[in-house]
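# Fold and geometry: a report
Next come the chains, spelled out residue by residue.
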Amino acid sequence: MAAQFILTVDVGTSSTKTSLWTENGHLVAHTSCSYPLSRPQPLWAEIDGNIWWHAVCETVQGVFAKSKIDPSLIAGIGVDAVGWTLIPVDHTGNPLHPAMIWLDRRAEEETNWLKSLPSAEHLVNLNANPLDAAYITPKLLWLKKHHPDIFNSAYKFLEATGFIVSQLTDEFICDFTQAYGYHFFDIRKETWDQQAAQEIGIPLEKMPRLCPSTEVVGTVTEEAAEQLGIKPGVPVIAGCLDAIAGALGSGVVKAGQTNEQGGQAGGVGISLDHVVVEPRLIFSHHVIPGQYLLQAGTVGGGSLGWFRNQFGQPETSVAELLGQNPFELFSSQVAKSKPGANGLIFLPYMAGERTPLWSSLPRGVFFGLTYNTSRADTLRAIMEGCAFAVYDNLQIAEEHGAVVDEYLGSGGATQSAVWCQIKADIYGKPFIVARRADGGEGGHDLGLFALTAYGIGLHKDIGACVSDLLPTRQVFEPSMKSHALYQELFSVYRSVSRKLMDDFAKLDTIARSHF
């Protein structure tokens, strides 16, 4: 029997990454394609859906060019993508409006209207998520108010994963892990709720079919196959939210295991076997049947990228000469600063904050600068501040009895040993990076491989597949001395972040008037 291969496509905030795998989970080739977001107004964050599709085509072609594998040997395709994204399409799947992604907070007015409804509490309980401008529901209402022609003419309202699946298969679906973005999704019954949709004003005939992530929803069409450079008829699974694929790929396969994502969209996901309603946090299905993820989402993960772009020219130049990544040079500097960054605290609210603040008003803050503050202290404070943002959410999760048995890291931040150690020290528990046999981390791609392999019938157990592919573990043991210090600093972090909320609002008013 000829060898079979699997394609995984990860559509992220700033790039699309495609990987080619053997049927046994060996990574054969990987390519990526970057793209910018459009921010025509301060709270807007959008992208033309066609840019995503072009990136998918380019990266799929790229892995075959690298690997020299015969495209006819592809046995299945799996897709994950960013969450809380609205992209209306016509009957042929063409986007009618730029995709409003998770960073987009333009629908504040619509969110306030939702909160004013007599059924607001019911909507929160129905899908176990808060009413916030980042979710898809307010974006639908914004589209309805500001572009009624597009709203009325749209054939389906898709999210990011469903959009890419539609381009591949001409099928219109929404998997359970992405459906939590809609407040008329009944998370317990896994159905669209007619009464809630009617009250909000969303016609359900414009909503795609709901399905589990592992379902084979269709096959690659002739048109898509020609653009991708593969054969038509390849099975495509429904796919999932990128954070869920990341959690699975980090090793979260049973209740109590927890994934900490270290990327631009950072956060944490705790696997549970029951529904929890906590409006300060996020809740969704896991891809493993019977499991859910109590999640926290932060936006500070891009803070080091901001520092690199604004102040990191020395590291960028040196890194280019040495053939290194500028972030490696940042990490080496951070190692020279003591835990606590010599009393400097960073609030990583560079684009507002998701959980637990749920506000577009907060801004980044360095608290405690002195003449003795060094460049290394500043970099360390950024790393510690991002970890504090996650820890802020973990405290709330524990209030609901969530028990964390293991912290499993994923994302680009796991490449920094000093950052992993900071997290272990702040969380007060071992921080684990599960790795493949070749030393690479798990993450989105591996999780999506396991999901796809199970969906098309190559593997019988998703969890076992993931565990088999992550045979080694890099463990960062916490320093309890550092943890005690971080507990004190975290109390200041949390206090400052709350006390500044009124001032953030005043600053926002001034900024809107003058800048």
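Figured I'd write up the structure that's included with this text. (Residues numbered from 1 in each chain as written. Predicted model: local features only at pLDDT ≥ 70, side-chain atom pairs only at ≥ 80, totals over all residues. Heavy atoms only, no water.)

We now examine the overall build of the protein chain. Counting its secondary structure elements, the protein chain contains 19 helices and 24 strands. The C-alpha atoms of the protein chain give 22 Å as radius of gyration, which agrees with the globular expectation for 515 residues (24 Å, within 12%). For the protein chain, the spread of C-alpha atoms along the three principal axes comes to 65 × 55 × 45 Å. Of all 515 residues assigned to the protein chain, the portion counted as buried reaches 61%. Of the roughly 19800 Å² that the protein chain leaves accessible, carbon and sulfur atoms contribute 53%. Treating the 37 positive side-chain charges of the protein chain as one cloud and the 54 negative ones as another, the clouds have centres 6 Å apart. (Helix = DSSP H or I, 4+ residues; strand = E, 2+ residues; numbered from the N terminus. Rg over C-alpha atoms; globule rule 2.2 N^0.38 Å. Buried < 20%, exposed > 50% of the residue type's maximum accessible area, 1.4 Å probe, protein only. Areas by Shrake-Rupley, 256 points an atom, 1.4 Å probe, with all protein chains shown as cover. Lys, Arg positive; Asp, Glu negative; His and termini not counted. Charge placed at Lys NZ, Arg CZ, Asp CG, Glu CD.)

Here we take up the packing of helix α10 (residues 242–250) against helix α16 (residues 443–455). Taken N-terminus to C-terminus, the directions of α10 and α16 make an angle of 85°; their axes are 6 Å apart at the nearest point. Classed by the angle they form, the pair α10 and α16 counts as roughly perpendicular. Packed against α10, whose contacting residues are Asp 242, Ala 243, Ala 245, Gly 246, Leu 248, Gly 249 and Ser 250, the element α16 presents Gly 443, His 444, Leu 446, Gly 447, Leu 448 and Leu 451 at the interface. Among the residues making up the contact of α10 with α16, the classes are represented as six nonpolar, six polar and one charged. (Axes fitted to C-alpha atoms, helices over the stretch in contact; angles between N-to-C directions. Parallel < 35°, antiparallel > 145°, perpendicular 65-115°, else oblique. Contact = heavy atoms within 4.5 Å. Nonpolar A, V, L, I, M, F, W, Y, C, P; charged D, E, K, R; others polar.)

For strand β16 (residues 257–261), the tally of buried residues reaches five of five residues, placing the bulk of the element in the interior. With four bridges joining them, β16 and strand β17 (residues 266–272) adopt antiparallel strand pairing. Bridge pairing in β17 places Glu 260 opposite Val 268. (Pairing = 2+ DSSP bridges.)

This part takes up unusual backbone geometry. Here the amide bond leading from Thr 355 into Pro 356 is cis, since omega sits at -5°, within 30 degrees of zero. Along the polypeptide, Pro 356 turns up in the loop between β20 (345–347) and β21 (365–367). The backbone of Asp 170 shows a phi angle near 65°, a positive value even though the residue is not glycine. Along the polypeptide, Asp 170 turns up in the loop between α6 (160–169) and β9 (173–175). Look at Asp 170 and you get partly exposed, because its relative accessible area is 46%. Notably, Asn 342 is not glycine yet its phi reads approximately 55°, a positive angle.

As for its placement among the helices and strands, Glu 260 is situated in strand β16. Side-chain polar atoms of Glu 260 contact the side chain of Lys 423, separated by 3.1 Å. Residues contacting Glu 260, with those up to four places away along its chain left out, are Gly 267, Val 268, Val 390, Leu 408, Gly 409, Ser 410, Lys 423, Tyr 427 and Phe 431. (Polar contact = N/O pair within 3.5 Å; in protein donor to acceptor, adjacent residues only side chain to side chain.)

As a further point, take the sheet that holds strand β19 (residues 292–298). One key point about sheets: their strands pair by backbone hydrogen bonds, in either a parallel or an antiparallel sense. The strand order across the open sheet formed by seven strands is β18-β19-β17-β16-β22-β23-β24, and the pairing between neighbours is mixed. Since the sheet does not close on itself, it has two edges, and those belong to β18 (282–285) and β24 (472–476), each with one partner. Along the sheet, successive strands turn relative to each other by an average axial angle of 30°, direction set aside. Inspection of the sheet shows β17 paired to β19 by seven bridges, in the antiparallel sense. The partner of Ile 270 across the bridge, within β19, is Leu 294.

Now for helix α15 (residues 417–427). Counted residue by residue, α15 has nine buried out of 11 residues, so it is predominantly covered. Every buried residue of α15 is listed here: Val 418, Trp 419, Cys 420, Ile 422, Lys 423, Ala 424, Asp 425, Ile 426 and Tyr 427. Phi turns positive one or two residues past the end of α15, at Gly 428, with a value near 75°.

Further remarks concern the environment of Tyr 493. In this structure, Tyr 493 sits in helix α18 (residues 480–499). With 146 residues separating them in the primary sequence, Tyr 493 and Leu 347 have C-alpha atoms 7.3 Å apart. The residues touching Tyr 493, leaving out its near neighbours within four places in the chain, are Ile 345, Phe 346, Leu 347, Pro 348, Tyr 349, Gly 385, Phe 388, Ala 389 and Asp 392.

A cluster of nonpolar side chains, namely Val 318, Leu 321 and Leu 322, defines an oily patch on the protein surface of about 330 Å² accessible area. In this fold, Val 318 is placed in helix α12 (residues 313–322). Overall, the relative accessible area of 38% leaves Val 318 in the partly exposed class. (Patch = residues over 30% accessible without salt bridge, like charges linked within 9 Å, V, L, I, M, F, W, Y side chains within 5 Å. Salt bridge = Lys/Arg side-chain N within 4 Å of Asp/Glu carboxyl O.)

A word on a negative patch on the surface. Taken together, the side chains of Asp 170, Glu 171, Glu 222, Glu 223 and Glu 226 define an acidic patch exposed on the protein surface. With respect to the secondary-structure elements, Glu 223 resides in helix α9 (residues 222–228).

This paragraph deals with the side chain of Arg 380. With respect to the helices and strands, Arg 380 occurs in helix α14 (residues 375–399). Polar side-chain contacts of Arg 380 include one of 3.4 Å to the side chain of Tyr 486. With residues near it in sequence (within four places) discarded, Arg 380 still touches Val 334, Ser 337, Lys 338, Pro 339, Gly 340, Ala 341, Val 418, Ile 422 and Tyr 486.

Further remarks concern the packing of helix α11 (residues 303–311) against helix α13 (residues 326–334). Running from N to C, α11 and α13 point in directions that differ by 100°, and their axes come no closer than 11 Å. Between α11 and α13, the crossing angle belongs to the class labelled roughly perpendicular. Residue-level contacts link Leu 304, Gly 305, Phe 307 and Arg 308 of α11 to Pro 326, Phe 327 and Phe 330 of α13.

What follows covers the state of the cysteines. Evaluation of the coordinates by the stated rule reveals zero disulfides. With no disulfide of its own, Cys 33 lies 10 Å from the sulfur of Cys 57, the closest cysteine sulfur. Residue Cys 174 stays outside any disulfide, its sulfur separated by 7.7 Å from that of Cys 211, the closest cysteine. Exposure remark for Cys 174: the relative accessible area of 0% places this residue in the buried category. (Disulfide = S-S within 2.5 Å.)

Taken as a whole and judged by the stated rule, the model has 28 aromatic pairs. Centroid distance Trp 84 to Tyr 180: 6.1 Å. Interplanar angle 45°. Geometry classified as tilted. Here the residue Trp 84 occupies a position in the loop between β5 (74–81) and β6 (87–89), and Tyr 180 occupies one in the loop between α7 (176–179) and β10 (185–186), the gap between them amounting to 96 residues. Where Tyr 135 meets Tyr 180, the ring centres are 6.2 Å apart and the plane angle is 80°; that geometry is what we call edge-to-face. With Tyr 135 in the loop between α3 (120–127) and α4 (136–146) and Tyr 180 in the loop between α7 and β10, the pair connects residues that are 45 residues apart, well separated along the chain. The two residues Tyr 135 and Tyr 180 agree in class, both being buried. Ring pairing ties together the aromatic residues Phe 388, Tyr 391, Tyr 407, Tyr 427, Phe 431, Tyr 486, Phe 490 and Tyr 493, which thus form one cluster. Sitting over the ring of Trp 142, Arg 106 keeps its end group 4.6 Å from the ring centre. The side chain of Lys 156 reaches across the aromatic face of Tyr 155, ending 5.1 Å from its centre. (Phe/Tyr/Trp six-rings, centres within 6.5 Å; stacked < 30°, edge-to-face > 60°. Lys NZ or Arg CZ within 6 Å of the ring centre and 35° of its normal.)

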